[in-house]
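Secondary and tertiary structure notes
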Amino acid sequence: MINLKQDGKLGFGTAPLGNMFRNISEEEAHATVDAAWEHGIRYFDTAPFYGAGLAELRLGEALSKHNRDDYVLSTKVGRVVLEETEEKQGLFEFGRKNKVIDDYSAEGTRKSIAQSLERLQTDSLDFVYVHDISPDFHGDEWLSKFEEARTGAFRVLTELRNKGVIKSWGLGVNRTEPIELALELEETKPDICLQATRYTLLNHDHALQRLMPSAEEKGVGIVVGAPFGSGIIAGGSHYEYQEAPSEIISRVDRMKEIAERHQISLIAAALQFSASHPAVTAVIQGASRPKRIQDNLNALKAEIPDSFWHELREQKLVSSKAPLPIKE
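Now for a look at the structure at hand. (Residues numbered from 1 in each chain as written. Predicted model: local features only at pLDDT ≥ 70, side-chain atom pairs only at ≥ 80, totals over all residues. Heavy atoms only, no water.)

**Some words on the packing of aromatic side chains**
Operational definition: Working definition: a ring pair exists when centres of Phe, Tyr or Trp rings (six-membered ring for Trp) sit within 6.5 Å. Plane angles under 30 degrees give stacked, over 60 give edge-to-face, the rest tilted. Accessible area is worked out with a 1.4 Å probe on protein chains only. A residue is then buried under 20% of its type maximum, exposed over 50%, and partly exposed in between. Any Lys NZ or Arg CZ found within 6 Å of a ring centre and within 35 degrees of that ring's normal is scored as a charge over the ring.
Using the criterion set out here, one finds 13 aromatic pairs in the structure. Ring centres of tryptophan 37 and phenylalanine 44 lie 6.3 Å apart, and the angle between their planes is 15 degrees; this geometry places the pair in the stacked category. Each member of the pair, tryptophan 37 together with phenylalanine 44, is buried. Members of the aromatic cluster, joined through ring pairs, are Phe12, Trp37, Phe44 and Tyr71. Its guanidinium or amino end placed over the ring of tryptophan 37, arginine 42 lies 3.7 Å from that ring's centre, counting from NZ or CZ.

**Re the side chain of histidine 238**
To keep things clear, this is the line we draw: Numbering goes from the N terminus for both helices and strands, where a helix is a DSSP run of H or I of at least four residues and a strand is a run of E of at least two. Contacts were defined at the residue level, with two residues in contact if any of their heavy atoms lie within 4.5 Å.
Here histidine 238 lies in strand S10 (residues 238–239). In this structure histidine 238 comes out as buried when scored by relative accessible area, which is 17%. Not counting the four nearest positions on each side in its chain, histidine 238 is found in contact with Phe21, Gly229, Ser230, Gly231, Ile232, Glu243 and Ala244.

**Side note on the pattern of salt bridges**
The criterion, for reference: We define a salt bridge as a contact between a side-chain nitrogen of Lys or Arg and a carboxyl oxygen of Asp or Glu at a distance within 4 Å.
Summed over the entire model, instances satisfying the criterion amount to 25 salt bridges. For aspartate 45, the salt bridge goes to lysine 76, with nearest N and O atoms at 2.6 Å. Placement of the pair is aspartate 45 in strand S2 (residues 43–45) and lysine 76 in strand S3 (residues 72–77), with a sequence separation of 31 residues. The burial state of aspartate 45 is the same as that of lysine 76; both residues are buried. One salt bridge connects arginine 68 with aspartate 126, and the closest N-O pair in it is separated by 2.9 Å. One end of the pair, arginine 68, is in the loop between helix H2 (54–63) and S3; the other, aspartate 126, is in the loop between helix H3 (106–120) and strand S6 (127–131), and 58 residues separate them in sequence.

Shape is all these values report; function is a separate question.
And the structure:
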């Protein structure tokens, strides 16, 4: 398993630092990164897409006071941030106004890495993920984007890994299919992938059938992103970055009722569920408030009775094939 220079599997995802869903201050952003560091987190993940570089800028500033050898850093390629500005909508409407364009080519990959290094105030990256070559962003065009990345980004990142410039590379996506496809390639082989939203308490059946067995077989580490389904499990209103539909709200309510009966938090169950699969190298949770860091670390270590997991299985709220943190 890839060494994250820390105890446990919890990493820090910086999408909220790009002003995802809300406008947070510089002070709050830096305080949140500081809290993660103070509580022993040493793996930090970011991306140019998060607020058009805002998350990278904030993370770079906050980490600049620490020795670069003391933490693990990942960012993403596939998007280039321009000087040109535009009005923003959607996830990062409160981020920077710079225009962001898709570019999975070799030239775009090198440019994206150069920009990220500058924003992050560093001269090295540990992991690089190819971002969002997936149906949820590109619809029916995702396979052509994948092909652009295969002949561009994948080859550049393989070369950089072979030269020791980066330690590992892979895909960072919200769907499992692009990773499944990448794992079958011969010329360019990822060795770590970030999979958001598809290995959570709420959604894991497909990953268990296809992605996780293949990752284990090929020795590819899986970093689980969005373990709270992008918010709904932690008390928010979003599921997979959209307003949660009624059937998901109902499912979460059922889980919360069971959790309350067993006197545990659903946050603890969500983190421990995602961390329990042997293919999982890390679970990265996003936070924009310092207190959430301690809450999540406590949740990852909380005692959860086996009876809770057994009841989830009996109620068919988790797959019978999912590895669970059951002690007996």
